[in-house]
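This is what each chain is made of:
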Amino acid sequence: MYSAHPNECEQSEPGIVEEPIDEAAIRRRNFQSRLTEKLWQWWSEAGRDGVPNWSSFDVTKQAPLIPNIYVVRALDGCFQFRLYGERAIQIIGQNMTGQVIAPETPGAISEHLHDYFSRVLAGGQAWRCSGRLLYKNREHIRFESVDIPLIRYGTAPDTILGVIDLVG
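The paragraphs below set out a description of the structure included in this document.

Criteria and thresholds
Residues numbered from 1 in each chain as written. Predicted model: local features only at pLDDT ≥ 70, side-chain atom pairs only at ≥ 80, totals over all residues. Heavy atoms only, no water. Core = buried A, V, L, I, M, F, W, Y, C linked by side-chain atoms within 4.5 Å. Buried < 20%, exposed > 50% of the residue type's maximum accessible area, 1.4 Å probe, protein only. Helix = DSSP H or I, 4+ residues; strand = E, 2+ residues; numbered from the N terminus. Contact = heavy atoms within 4.5 Å. Pairing = 2+ DSSP bridges.

Residues Val72, Phe81, Tyr84, Ile92, Phe117, Leu133 and Ile164 are the most contacted members of the largest nonpolar core, which totals 24 residues. Elements represented by at least two residues in this core include exactly β3 (69-75), β4 (78-84), α3 (86-92), α4 (108-123), β6 (127-132) and β8 (159-166). Examining the composition of this core, we find that five residues originate from one element, α4, more than from any other. For Phe81, the residues in contact, after removing those within four places along its chain, are Val71, Val72, Met96, Thr97, Gly98, Gln99, Ile101, Leu113 and Phe117. Among the nonpolar cores identified, the runner-up in size contains 17 residues, and Phe31, Ala126, Ile148 and Val163 belong to it.

Of all eight residues in β8, seven are buried, a share of seventy percent or more. Where β3 meets β8, five bridges bridge the pair, whose relative direction is antiparallel. Across the sheet, Tyr70 pairs through a bridge with Gly162, a residue of β8. As paired strands, strand β7 (residues 142-150) and β8 are joined by eight bridges and run antiparallel to one another. Across the sheet, the residue bridging to Leu150 is Thr159, located in β8.

In structure tokens:
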């Protein structure tokens, strides 16, 4: 399902392109959304010396991102959606706040998200996704998202801050 080489673009079965964002990825393909690019630029600057801390992100300085933001926290091998902005809810068609994604959670979306979130935190890199949504009755919607790892507790990345936006 995924490339054996972690720095290559990865194509998931439904046609979503997932790639860790580095300078080579940026040269290959420009961002499709100014919101996803803005989050990545913040992360790139804040993370010059490693993965930034959660407290480094000042939402008051990132007001245009607020409606499109979502927050995911790692909890004992699972992931919990902690927050979904109003526009993010509109894009995917449901409010995921509070939902837990465990390795054994049934369904293709849950299995895919668990695997993807695990890679984002394990690699300590920002990732970009683009393609068509996996959610039922949303398959026609094209999106781009950026997911950045942050350290909230301890010394390892344990929180993902993401932005999702519609693209043409």
